[in-house]
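As a plain string of letters, each chain reads:
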Amino acid sequence: MINEKLPKIWYGGDYNPEQWEADTWAEDDRLFKLAGIDVATINVFSWALTQPSEEAYDFALLDETIDRLHANGVSVCLATGTGAHPAWMAKRHPEVTRVDYHGRKRKFGGRHNSCPNSPVYRHYARLLAGKLAERYKDHPGLLIWHVSNEYGGYCYCDNCAAAFRVWLERRYGSLEELNRAWNTRFWGHTFYDWDEIVPPNELSEEWGGSNTNFQGISLDYRRFQSASLLDCYKLEYDAIKAHTPHVPVTTNLMGLYPQLDYFEWAKHLDVVSWDNYPSLTTPVSLTAMTHDLMRGLKQGQPFMLMEQTPSQQNWQAYNSLKRPGVMRLWSYQAVARGADTVLFFQLRRSIGACEKYHGAVIEHVGHEHTRVFREAAALGTELGALSDRLLDARSAARVAIVFDWENRWAIELSSGPSVALNYVDEVHKYYDALFRLRIPVDMVGVEADLSGYDIVIAPVLYMVKPGFAAKAETFTAAGGTFVTTFFSGIVNERDIVTLGGYPGELRRLLGIWAEEIDALMPEQRNRIVVKGEQGALQGTYECGILCDLIHAEGAEVVAEYGDDFYQGMPAVTVNRFGRGEAWYVATSPDAAFLRDFLGRLAAGKGLEPLVRASEGVEATVRVKEGKRYLFLLNHLPEAATVEGVAEGVDLLTGETVSGALAVPGRGVAIVAQTNA
Ligand code: GLA
Ligand code: ZN
């Protein structure tokens, strides 16, 4: 449990009373009660108020807010407020502002704008976190700490450059080793002194955000900046833990956010929390995948849905309203995939600046007679009734998909073979097929223990880190089914090519050699022609983006290319390895292929779809103490029939269900079953 003080699904969200006159607060208390809200995330952007000058601190308003909330039955997710430094700090210590990708020195403005390697920023952020922890350590309303906010962005200032050199020296030991790692004899880049090394941005090696002349340098800068921001988090974490060792600490992550290696970050979070902002057109399976990824960061431990909007955004291009029922539906989608909290940004809608058109539980009209409030209050009642039943329930997935941020960086930074290759899209294709088959998936990192899974899929594992190939071999030899794809096994963690034939370290396991890689033009397709019958997998499918030209070296050829000069060469292979098998999908296939291919693999492992239902119904499971909670989420506006439901009780209606079940449009069922 995240904190036993509140043994239910936490309900509430970001609350900024400091933006309001005191006469609204009593009304907030009343409305929170009416909506079943029991958690408020406070102090998120209050640094300028809690520290009005370099010498002075002022916690009067915070004291009052925490006391008031507590007296009204609302506990706090207490932020340290260091996500935006005060203006006085930027004026007195210009080093706290960042230098951007274009090499421009920033002035005060915005947020998330502090240089992570500024000693001044670090000093005052740590000091503030410690003061807050010391002050509120015994407050009965304190539930959890929220460090800073949505860490992100990179800095390219001189402080960062100096810290980068220190980081490199620690990583490589010597300039000789660094020159080797980055292959600096290319384009005459040999470094003879550490301070010849400068951050890679538009003034040096990079352009357009993800183009670089030197992948090694750019990759290391991403690692370094991610680690620098993480160091800032850790400084605050330690300052807090010195006073409240037993209160959990988190910082809100952003799902598929590209710039930080969240698997590294999660090691230092007591509980993962994240902010979920899909748009009307975001595929529901992408949101599902992101929840699963956030759950996977800490090996399946439940996470917090820290933010979602009750109704609309302000920062998307087209800020659609969440249709009636959708807020509830998406809240349960988070819970279904491992969230033990449902929190909003924001509880009361602000009156000025850029978030005044961002949805809130309490809208500008100020009362409870709105659609959004009614829906929020209804959900509050429901979550209250669920009590602690779902807390700490785990996933029961037998299939894992590997996701790795460094691999993602390396693919994005790669010059060639194709701009059309997008790592997240490729991973999502595999996920989406399993989602549609209603076969649960865990998203795991490359450090994960694979031994508990039946099937492990590592799409586009371009970068193979030390130890991974051996782990995949052990997993397969013990009977597992391993799948990887085109453009895998190409480089090591330095982005240096593994010589002797692709897919490098994975070649033995896969029993193939990829001789060449063809990049297809945007409209160009090839075909995957299956040889004979492979269960559901048969006939012809389309493929594109990249086609590896491979030779079987022991692997059985399951399908061949249908066109071009490599017609008849293998497109899909399987290699028996020990008691298991290792599959190679040499190209980016269409959805029909993945449905049939993954259906075939799952059937081979005895993995059945959770239920049968029409398109649009999401199904997943959480398990706990001999119980199995089957979540059925209907994403379409019309009712859907779900079949093959084992007997159980729907927690939301109290009704016993068995066999077939009708789920209303945008409706949800949570069927509690005995876990056989
Ligand atoms: C992020 C931030 C919040 C707020 C919301 C708006 O998630 O953490 O402070 O700006 O976006 O969607
Ligand atoms: Zn900097």
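Calculation criteria
Residues numbered from 1 in each chain as written. Chains lettered and ligands numbered in written order. Predicted model: local features only at pLDDT ≥ 70, side-chain atom pairs only at ≥ 80, totals over all residues. Heavy atoms only, no water. Helix = DSSP H or I, 4+ residues; strand = E, 2+ residues; numbered from the N terminus. Rg over C-alpha atoms; globule rule 2.2 N^0.38 Å. Buried < 20%, exposed > 50% of the residue type's maximum accessible area, 1.4 Å probe, protein only. Contact = heavy atoms within 4.5 Å. Domains from an automatic or database assignment. Buried area = accessible area lost by both parts, 1.4 Å probe. Salt bridge = Lys/Arg side-chain N within 4 Å of Asp/Glu carboxyl O. Polar contact = N/O pair within 3.5 Å; in protein donor to acceptor, adjacent residues only side chain to side chain. Donors = N, O, S within 2.8 Å, 3.2 Å for Na, K, Ca; no water. Tetrahedral: all angles 85-135°; square planar, octahedral: opposite > 155°, others 65-115°. Axes fitted to C-alpha atoms, helices over the stretch in contact; angles between N-to-C directions. Parallel < 35°, antiparallel > 145°, perpendicular 65-115°, else oblique. Disulfide = S-S within 2.5 Å. Pairing = 2+ DSSP bridges.

A closer look at the overall build of the protein
A count of helices and strands for the protein gives 17 helices and 29 strands. The globule rule puts the C-alpha radius of gyration for 676 residues at 26 Å, and the 26 Å found for the protein is close to it. Counting over 676 residues, the protein shows a buried share of 61%. Taking the intrachain contacts of the protein between residues at least 6 apart in sequence as the baseline, contacts between residues at least 24 apart amount to 72%.

Remarks on the domain arrangement of the protein
The domains assigned to the protein are domain 1 (10-151 + 247-393), domain 2 (399-604) and domain 3 (617-673). With centres defined by C-alpha atoms, the gap from domain 1 to domain 3 works out at 30 Å. Taken together, the contact between domain 1 and domain 3 spans 26 residues of the former and 17 residues of the latter. Where domain 1 abuts domain 3, roughly 1800 Å² becomes buried across the two surfaces, and 62% of that area is made up of carbon and sulfur atoms. The tally of links between domain 1 and domain 3 comes to 2 salt bridges. The closest approach of N and O atoms between Glu-618 and Arg-337, which form a salt bridge, is 2.7 Å. Between the two partners, domain 1 and domain 3, sit 9 residue pairs in polar contact (both at pLDDT 80 or more). For the side of domain 1 that touches domain 3, the secondary structure elements donating two or more residues are α10 (284-296), α11 (326-336), β11 (339-344) and α12 (371-386).

Concerning the environment of Glu-426
Following the sequence through the fold, Glu-426 ends up in helix α14 (residues 423-437). Put simply, Glu-426 and Trp-315 are 111 residues apart on the chain and 27 Å apart in space, counted from C-alpha to C-alpha. Side chain to side chain, Glu-426 and Lys-429 meet in a polar contact 2.9 Å long.

Topic: helix α1 (residues 25-35)
Along α1, the positions that sit buried rather than exposed are Trp-25, Asp-28, Asp-29, Leu-31, Phe-32 and Ala-35. Where α1 is buried, its residues contact β1 (10-14), α3 (60-71) and α12. Once α1 ends, the next one or two residues include Gly-36, with phi positive near 70 degrees.

Considering the coordination of the zinc ion (ligand 2)
All of the protein donors around the zinc ion (ligand 2) are Cys-115 (SG), Cys-155 (SG), Cys-157 (SG) and Cys-160 (SG); their distances to the metal are 2.2 to 2.3 Å. Relative to the metal, the 4 donor atoms surrounding the zinc ion (ligand 2) lie at angles of 100 to 118 degrees, and the coordination shape comes out tetrahedral. Mapped onto the polypeptide sequence, the residues donating to the zinc ion (ligand 2) form the spacing pattern C-x39-C-x1-C-x2-C. Neither residue differs from the other here; Cys-157 and Cys-160 are each classed as buried.

Some points on the packing of α1 against α12
Viewed as axis vectors pointing N to C, α1 and α12 meet at an angle of 60 degrees, and their least axial separation amounts to 7 Å. Taken as axis vectors, α1 and α12 run oblique relative to one another. The residues of α12 that touch α1, namely those facing Leu-31, Leu-34 and Ala-35, are Phe-373, Ala-376, Ala-377 and Gly-380.

Quick word on the state of the cysteines
By the definition in use, this model includes 0 disulfides. Not engaged in a disulfide, the cysteine Cys-77 finds its nearest cysteine sulfur in Cys-232; these two sulfurs lie 20 Å apart.

So, the sheet that holds strand β2 (residues 39-42)
Sheet architecture is open: 9 strands sit in the order β7-β4-β3-β2-β1-β11-β10-β9-β8, paired in parallel fashion. For this open sheet the edge positions go to β7 (249-250) and β8 (252-253), each flanked by a neighbour on one side alone. Pairing of β8 with strand β9 (residues 273-275), which is carried by 2 bridges, proceeds in the parallel orientation. Residue Asn-252 lies in a different strand from β9, and its bridge partner there is Ser-273. Sheet strands in contact with α11 are β1, β10 (303-307) and β11, and its direction is about 145 degrees off that of β11.

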